[in-house]
Amino acid sequence: MNMVVKFKTNPIKEDYIIGSQVLGVGINGKVVECRRINDGEKFALKVLRDVPKARREVELHYEASRHPHIVRIFEVYENTYNNVECLFVVMECMEGGELFTRIQERSNDAFTEREAANIMYSICSAIAYLHGLNIAHRDIKPENLLYTDPSNHAILKLTDFGFSKRLDDGTEKPLETPCYTPYYVAPEVLSSKKYDKSCDVWSAGIIAYILLCGYPPFYSHHGLPISPGMKKRIRAGQYNFVGPEWDRVSEAAKDLIRKCLKTDPAERSSINDIMCHKWITHYNKIPETPLETTKVLQEQRLQWPEVQEEMEKALASMRVDEVHIKSLNDAKNTLLAKRMKSSGHTK
Ligand SMILES: Nc1ncnc2c1ncn2[C@@H]1O[C@H](COP(=O)(O)OP(=O)(O)OP(=O)(O)O)[C@@H](O)[C@H]1O
């Protein structure tokens, strides 16, 4: 049965004490710490302006949030705050930081291929669950993968459903003609359903690649800036597994990445195929080959913001609807304006 969010209308301050510690700031709102009054338990509170887009985000995230690798939403309040209608989303507090920050901060023991496979199993199982519910996340990137706590047993979870989309489960219908052609496409041969899902699989491929070597595909790791050639290389599907960091990585891992990073989304594996791939099904038996990842992430940490930005741009270009349902109002949408500007696309 679908989990449907019930918006509480009583003031959140009756039930929670809202702390001053900011856990993170995103484009859509900020996330602060809060405590439940009746037992003192700590939670993370995301505050969003109550607009239809925010409601969709919260509804889809809530529906999916029972999965062990998806950040759990406990309750949602609709309250007026400073005369503004807001949604207050009470989530589990993720205190273990972002995926790659942790790998970068490792000191003694090397990060291994088996650990990479374990992480990919977690991420792919969350994607498979979402796709099974006919939800595409469409913003799977390193900043949205957080650990529950700083311990070695921490669990990795996916969050931020700000771009997620419900895909209708009727028959596949042809994609409307977009007003601009995104990367990778032969859009006319794709249903939007398949297209939206395939961008989550692409993200999984990028994350797997970075986990195994410490830098993203589509640029060589010689201290060179990623742009401007990266976009061209993404479009052409140009990347390789060259360099000492790839020598000991298994063929199975490379095969999985190739399947996720197929340039044409129609050829890209579905998440169910990925879940059946031997590198994922046998994630606990993968060789414990030590990887260069931690060292490379440390060496390249100054370039990490660029890696994030490029991934964000690539994902934005894959979210077809936001690009082709453009109207004059979009001029007021600063996020879209920024994204369109940064990816060099104008109408
Ligand atoms: N449950 C949580 N526990 C702890 N910190 C969190 C939690 N959720 C989010 N954060 C922090 O807040 C930041 C912003 O959250 P989130 O990504 O959900 O917001 P957003 O406005 O949709 O962001 P974005 O700009 O990435 O689209 C995250 O990058 C993370 O650092």
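No experiment lies behind these values; they were computed from the predicted model shown. (Residues numbered from 1 in each chain as written. Predicted model: local features only at pLDDT ≥ 70, side-chain atom pairs only at ≥ 80, totals over all residues. Heavy atoms only, no water.)

K.L.:
Can you explain the overall build of the protein chain? Please cite residues and give values.
P.N.:
Across its full length, the protein chain carries 13 helices and 10 strands. If you take every contact in the protein chain between residues at least 6 apart in sequence, the share linking residues at least 24 apart comes to 69%. (Helix = DSSP H or I, 4+ residues; strand = E, 2+ residues; numbered from the N terminus. Contact = heavy atoms within 4.5 Å.)

K.L.:
Describe the sheet that holds strand S6 (residues 84-91), and please don't skip the residues or the numbers.
P.N.:
Strand order in the open sheet formed by six strands is S1-S5-S6-S4-S3-S2, with mixed pairing between adjacent strands. Each having just a single partner strand, strand S1 (7-8) and strand S2 (16-25) make up the two edges of the open sheet. When S2 meets strand S3 (residues 29-36), the two strands line up antiparallel, connected through six bridges. In the sheet register, Ile-17 faces S3, and the bridge partner there is Arg-35. Strands in contact with helix H1 (residues 52-64) are S1, strand S4 (42-49), strand S5 (73-81) and S6; relative to S5, the strand with the most contacts, it is inclined by about 160°. (Pairing = 2+ DSSP bridges. Axes fitted to C-alpha atoms, helices over the stretch in contact; angles between N-to-C directions.)

K.L.:
Lay out the pattern of salt bridges with the relevant residues and their values.
P.N.:
Counted according to the given criterion, the structure contains 24 salt bridges. Asp-160 is paired through a salt bridge with Lys-46; the nearest N and O atoms lie 3.7 Å apart. Placement of the pair is Asp-160 in the loop between strand S9 (156-158) and strand S10 (165-166) and Lys-46 in strand S4, with a sequence separation of 114 residues. A residue is classified by how much of its surface remains accessible, and Lys-46, at 11% relative accessible area, is buried. Ionic pairing is found between Glu-143 and Lys-141, a salt bridge with its closest N-O pair at 3.9 Å. Both residues of the pair, Glu-143 and Lys-141, belong to the buried class. Several salt bridges share partner residues, and in doing so they unite Asp-139, Lys-141, Glu-143, Glu-312 and Arg-319 into one network. (Salt bridge = Lys/Arg side-chain N within 4 Å of Asp/Glu carboxyl O. Buried < 20%, exposed > 50% of the residue type's maximum accessible area, 1.4 Å probe, protein only.)

K.L.:
An account of H1 is needed here, citing residue identities and associated values.
P.N.:
With 13 residues, H1 should reach 18 Å at 1.5 Å per residue; the first-to-last C-alpha distance of 18 Å fits that figure. Of the positions making up H1, those classed as buried are Ala-54, Glu-57, Val-58, Leu-60, His-61, Tyr-62, Glu-63 and Ala-64. (Expected span 1.5 Å × (residues − 1).)

K.L.:
Which residues make up the state of the cysteines, and what are the values?
P.N.:
Taken as a whole, this structure holds zero disulfides when the rule is applied. Of the cysteine sulfurs around Cys-199, a residue in no disulfide, the closest is that of Cys-260, at 12 Å. Residue Cys-213 stays outside any disulfide, its sulfur separated by 14 Å from that of Cys-260, the closest cysteine. Residue classification places Cys-213 among the buried residues on the basis of a relative accessible area of 0%. (Disulfide = S-S within 2.5 Å.)

K.L.:
An account of the nonpolar core is needed here, citing residue identities and associated values.
P.N.:
Within the largest apolar cluster, 65 residues are counted, with the highest numbers of intra-cluster contacts made by Leu-99, Met-120, Leu-211 and Trp-279. Take this core: its biggest share by element is 13 residues, from helix H4 (residues 192-213). There are two domains that each give this core at least three residues, and those are domain 1 (11-92) and domain 2 (99-343). In this structure, Leu-99 is in contact with Ile-119, Ile-123, Pro-142, Leu-145, Tyr-147, Leu-156, Ile-207 and Leu-211, ignoring residues within four places of it in sequence. (Core = buried A, V, L, I, M, F, W, Y, C linked by side-chain atoms within 4.5 Å. Domains from an automatic or database assignment.)

K.L.:
Could you give an account of the UniProt feature "binding site: ATP" (unreviewed entry) in the protein chain, with specific residues and numbers?
P.N.:
The positions that UniProt labels "binding site: ATP" (unreviewed entry) are, in the present scheme, Lys-46. Reaching out from Lys-46, the side chain makes a polar contact with the side chain of Glu-57 at a distance of 2.9 Å. (UniProt positions renumbered as here; feature names shortened; annotations may be inferred. Polar contact = N/O pair within 3.5 Å; in protein donor to acceptor, adjacent residues only side chain to side chain.)

K.L.:
An account of the domain arrangement of the protein chain is needed here, citing residue identities and associated values.
P.N.:
Domain boundaries in the protein chain define domain 1 (11-92) and domain 2 (99-343). With 17 residues of domain 1 in contact, the opposing surface of domain 2 contributes 21 residues. Taken together, both faces of the contact between domain 1 and domain 2 bury some 1,700 Å²; the carbon and sulfur share is 61%. When the area that domain 1 buries against domain 2 is broken down by residue, the three leading residues are Leu-60, Glu-63 and His-69, summing to 35%. Linking domain 1 with domain 2 are three salt bridges, by the criterion used here. Where domain 1 touches domain 2, the interface holds seven residue pairs in polar contact (both at pLDDT 80 or more). Per element, the largest residue contribution to the side of domain 1 that touches domain 2 is six residues, and it comes from H1. (Buried area = accessible area lost by both parts, 1.4 Å probe.)

K.L.:
Got a sec to walk through the site of the ligand? Specific residues and values, please.
P.N.:
Near the ligand lie 17 residues; those nearest to it are Ile-27, Asn-28, Lys-46, Glu-92 and Asp-160. Within the side chain of Asp-160, one N or O atom sits 2.9 Å away from an oxygen atom of the ligand. When isolated, the ligand has an accessible area of 610 Å², and the protein chains bury 89% of it. For the shell around the ligand, the secondary-structure elements that each account for two or more residues are S2, S3 and S4. (Near = heavy atom within 4 Å. Areas by Shrake-Rupley, 256 points an atom, 1.4 Å probe, with all protein chains shown as cover.)

K.L.:
Kindly report on the pairing of S5, identifying the contributing residues and their values.
P.N.:
Where a strand is regular, its side chains alternate between the two sheet faces. Pairing between S1 and S5: two bridges, direction parallel. Each bridged residue has a counterpart across the sheet, and for Lys-8 the counterpart in S5 is Tyr-77. The pairing of S5 with S6 spans eight bridges and is classified as antiparallel. The residue of S6 that forms the bridge with Ile-73 is Met-91. Count of turn residues in the S5/S6 antiparallel hairpin: two residues, of which Asn-82 carries a positive phi of about 50°.

K.L.:
Tell me about the packing of aromatic side chains, and please be specific about residues and values.
P.N.:
For the structure shown, the criterion picks out 12 aromatic pairs. Their ring planes at 15° and their centres at 4.1 Å tell us that Tyr-121 and Tyr-283 sit as a pair that is stacked. With a gap of 162 residues between them, Tyr-121 in helix H3 (residues 113-132) and Tyr-283 in the loop between helix H9 (278-281) and helix H10 (293-299) connect regions that are remote in the sequence. For the pair Tyr-209 and Tyr-215, a centre-to-centre distance of 6.0 Å together with 75° between the ring planes defines the contact as edge-to-face. On the accessibility criterion, Tyr-209 (1% relative accessible area) is buried. By relative accessible area, which is 3% here, Tyr-215 ends up buried. Three or more aromatic residues link up through ring pairs in this structure, and these residues are Tyr-209, Tyr-215, Tyr-239, Phe-241 and Trp-246. Here the basic side chain of Arg-102 rests over the ring of Tyr-147, its NZ or CZ set 4.2 Å away from the ring centre. Sitting above the plane of the Phe-163 ring, Arg-319 keeps its charged end 3.6 Å from the centroid. (Phe/Tyr/Trp six-rings, centres within 6.5 Å; stacked < 30°, edge-to-face > 60°. Lys NZ or Arg CZ within 6 Å of the ring centre and 35° of its normal.)

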